[in-house]
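This is what each chain is made of:
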Amino acid sequence: MVDRPQPLPQLSGVRPYVPGEAPKPGAGRTFKQASNENPLGASPQAQQAFSALAGRLEIYPDGGAAALKAAIAARHGLDPARLILGAGSDEIFLMLGRAYLAPGTEMICTRHAFAIFAIIGQQQGATVIEVEERDFRADVDLILASLTPRTRIVWLANPNNPTGTYLPFDEIKRLHAGLPGNVLLVLDGAYAEFVRRNDYAAGLELAAEHENVVMTRTFSKLYGLAGLRLGWGYAAPSIIDALERVRMPFNVNLAAQAAGVAALEDEAFTRMSLEHNDRELARLTEGLRALGLEVPDSVGNFVVARFPQEPGRTAQDALAFMKNRGVTLRGLAGYRMPEHLRISVGVVEGNDAVLEGLAEFLAQK
Ligand SMILES: *Cc1c(COP(=O)(O)O)cnc(C)c1O
């Protein structure tokens, strides 16, 4: 025995999450397009609600977050008793892991899935099954073929990050129909608001009707509140009951609760953010394709672009080149996409900087 405290054995397999890099403050303007944040900032009404709390920081937040739950329920037409709130949707995923995964159980995610799912599975000591995708899209048949009697959770971000692809609701329903009742389907709708497709649904309806579906959402992307950490989930009472048993009493802080309520009311900011994304996502996609890069259609607030394999022109080279110019993008080697970079939709000037910078990068001799 080594004479020091031994962490749980499964923790040796955990690869800690690598966040998007912020640009170093430079001479000119810099742009962080590495973390899918709202390029227009946070809702002004949310900022005001946040500032107004400065004199009340000694007070514990409402542990049940009644006002915020009521606001979310009113906005989406939901039963507030079926809501769970987290310090980011990440914390809801963690609560799901704690409630449903342990050594001897299995969880399923896909090859290029959002990294947090596998991290949580490993932390819990569960076996993480990563299923192949087809054309960077989850494949329902391959997921269903990977079920075993030990499977407890199937995780699916829809749309997925980093690929930007999505499954139509018909496919989600087919996936759910193929799951045994004791397997939980987690539908992560972090980018749901950005999707402009008639065949898409985030899964609220499934979560309302079935006892084995959780749909999660976040205030980090559209609402621009990534720094406050706020997400929510919708599920059957039996699931909410389990999550409440692992939830820490004051997990959502005072400022996040107040800013969340205000952000939901700030329809002008939400509308402006969505209009900006619609316009700039299309411009970025077309601009990158015009440079000869392969860019699959994305329905989120980011795109992935595939770079050549020639030395000097690779994704890694482009990442370094753009970083030198004050623009940070996201490398995807950790997502098994080493030839790709993920580029968040930025402000107009940031997207210009990306397109101009990469044009120069690719023109280099
Ligand atoms: C950004 C993101 C989230 C949101 O995480 P928070 O903890 O709510 O900030 C969830 N899922 C995916 C796929 C994401 O990209």
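These figures come from a predicted structure and were not determined experimentally. Numbers given to residues run from 1 along each chain, matching the order in which its sequence is written. Confidence filtering applies because this is a predicted model: local features only for residues at pLDDT of at least 70, side-chain atom pairs given and counted only at 80 or more, and all residues used for totals across whole chains, interfaces and linings. Calculation of side-chain values draws on the structure's entire complement of heavy atoms; hydrogens and water are dropped beforehand.

## A short note on the site of the ligand
Here is step 1: In the region of the ligand, 13 residues are neighbours, and Asp 188, Tyr 191, Thr 218, Ser 220 and Lys 221 sit closest.
Here is step 2: Polar contacts, as counted here, are pairs of nitrogen or oxygen atoms within 3.5 Å of one another; within protein the pair requires one atom able to donate a hydrogen and one able to accept it, and residues that are adjacent in sequence qualify only if both atoms are side-chain atoms. Between the ligand and the protein, one listed contact pairs an oxygen atom with a backbone N or O atom of Asp 90 at 3.0 Å.
Here is step 3: Ser 220 is positioned with one of its side-chain polar atoms (N or O) 2.6 Å from an oxygen atom of the ligand.
Here is step 4: Residue exposure ignores everything except the shown protein chains as possible cover, and the areas themselves are Shrake-Rupley values with a 1.4 Å probe. Protein chains bury 94% of the 380 Å² of accessible surface belonging to the ligand in isolation.
Here is step 5: Counting atoms within 2 Å of the grid points, the majority share of the ligand lands in the second largest pocket.
Here is step 6: The classification used treats Ala, Val, Leu, Ile, Met, Phe, Trp, Tyr, Cys and Pro as nonpolar, Asp, Glu, Lys and Arg as charged, and all other residues, Gly among them, as polar. Split into classes, the residues belonging to the shell around the ligand amount to four nonpolar, five polar and four charged. Think of it this way: one heavy atom of a residue within 4 Å of a molecule or strand is enough to make that residue near it. Cavity means a closed set of points on a 1 Å grid over the protein atoms alone, one where a 1.4 Å probe fits but cannot get out, pocket means an open set with protein on both sides within 12 Å along at least 5 of 7 lines, and lining means a residue has an atom within 4 Å of a point. Pocket or cavity membership: a molecule qualifies when more than half of its atoms sit within 2 Å of the grid points of that site.

## Focus: empty space enclosed by the protein
Here is step 1: Grid points are joined across faces, edges and corners, and a volume is the space filled by probe spheres set on the points. This structure, assessed with the given rule, holds three cavities of 30 Å³ or more.
Here is step 2: Here the largest cavity is characterised by a volume of approximately 80 Å³.
Here is step 3: Lining the largest cavity are 13 residues; nearest its centre among them are Ala 138, Leu 156, Ala 157, Asn 160 and Thr 165.
Here is step 4: Grouping the constituent residues of the lining of the largest cavity by class yields six nonpolar, five polar and two charged.
Here is step 5: Estimates place the volume of the second largest cavity at around 60 Å³.
Here is step 6: Forming the walls of the second largest cavity are Glu 37, Asn 38, Pro 39, Phe 194, Lys 221, Ser 273, His 276, Asn 277, Asn 301 and Val 345.

## As for helix H10 (residues 267-290)
Here is step 1: For helices the rule is a DSSP run of H or I covering at least 4 residues; for strands it is a run of E covering at least 2, with both sets numbered from the N terminus onward. The span one expects for a helix is its residue count, reduced by one, times 1.5 Å. Given a rise of 1.5 Å per residue, 24 residues ought to cover 34 Å, and the 34 Å separating the end C-alpha atoms of H10 matches this to within 8%.
Here is step 2: Think of it in three bands: with a 1.4 Å probe and only protein chains considered, a residue is buried below 20% of the maximum accessible area for its type, exposed above 50%, and partly exposed in between. All of the buried residues in H10 are Phe 269, Thr 270, Ser 273, Leu 274, His 276, Asn 277, Glu 280, Leu 281, Leu 284, Thr 285, Gly 287 and Leu 288.
Here is step 3: For this analysis, residues touch if any pair of their heavy atoms sits within 4.5 Å. Considering only its buried residues, H10 is in contact with helix H1 (44-51), helix H9 (254-265), strand S9 (302-306), strand S12 (340-344) and helix H12 (348-363).
Here is step 4: Gly 292 occupies a position one or two residues after H10 and carries a positive phi of about 95°.

## Some details on the sheet that holds strand S7 (residues 213-218)
Here is step 1: The strand order S2-S8-S7-S6-S5-S3-S4 describes an open sheet built from seven strands, whose pairing is mixed. Looking at the sheet topology across the chains shown, the edges are occupied by strand S2 (83-86) and strand S4 (127-131). Adjacent strand axes in the sheet meet at a mean angle of 20° when their direction is disregarded.
Here is step 2: Sheet topology places S7 next to strand S8 (residues 231-235); five bridges connect them, and they run antiparallel. By the bridge assignment, Arg 217 is partnered in S8 with Trp 232. Pairing between strands is defined by DSSP: at least two bridges between them are needed. For helices, the axis comes from a line fit to the C-alpha atoms of the stretch in contact; other axes are also lines fit to C-alpha atoms, and the angle between any two N-to-C directions lies between 0 and 180 degrees.

## Let's talk about the domain arrangement of the chain
Here is step 1: Residue ranges assigned to the domains are those given by an automatic or database domain assignment. Segmenting the chain into domains produces domain 1 (25-42 + 268-363) and domain 2 (44-265).
Here is step 2: Contact residues are listed per partner, giving 25 residues for domain 1 and 29 residues for domain 2.
Here is step 3: Reported buried area values correspond to the accessible surface (1.4 Å probe) lost by two parts on association, with both partners' losses combined. Approximately 2400 Å² of surface area, both sides summed, lies buried where domain 1 meets domain 2, with 59% of it carried by carbon and sulfur atoms.
Here is step 4: Its salt-bridge partner being Arg 196, residue Asp 278 comes within 3.0 Å of it at the nearest N-O pair.
Here is step 5: Counting every contact that joins domain 1 to domain 2 gives ten residue pairs in polar contact (both at pLDDT 80 or more). The term salt bridge refers to a side-chain nitrogen of Lys or Arg lying within 4 Å of a carboxyl oxygen of Asp or Glu.

## Quick word on the pairing of S7
Here is step 1: With six of six residues buried, S7 lies mostly within the body of the structure.
Here is step 2: Neither face of S7 is open: one carries Val 213, Met 215 and Arg 217, the other Val 214, Thr 216 and Thr 218, and all of them are buried.
Here is step 3: Sheet topology note: the strand S6 (residues 184-188)/S7 ladder contains four bridges and is parallel. Across the sheet, Leu 187 pairs through a bridge with Met 215, a residue of S7.
Here is step 4: Orient the strands so they point away from the viewer, and a crossover whose first-strand-to-second-strand path over the helix runs clockwise is right-handed. As a crossover connection, the stretch from S6 through helix H7 (residues 204-209) into S7 is right-handed.

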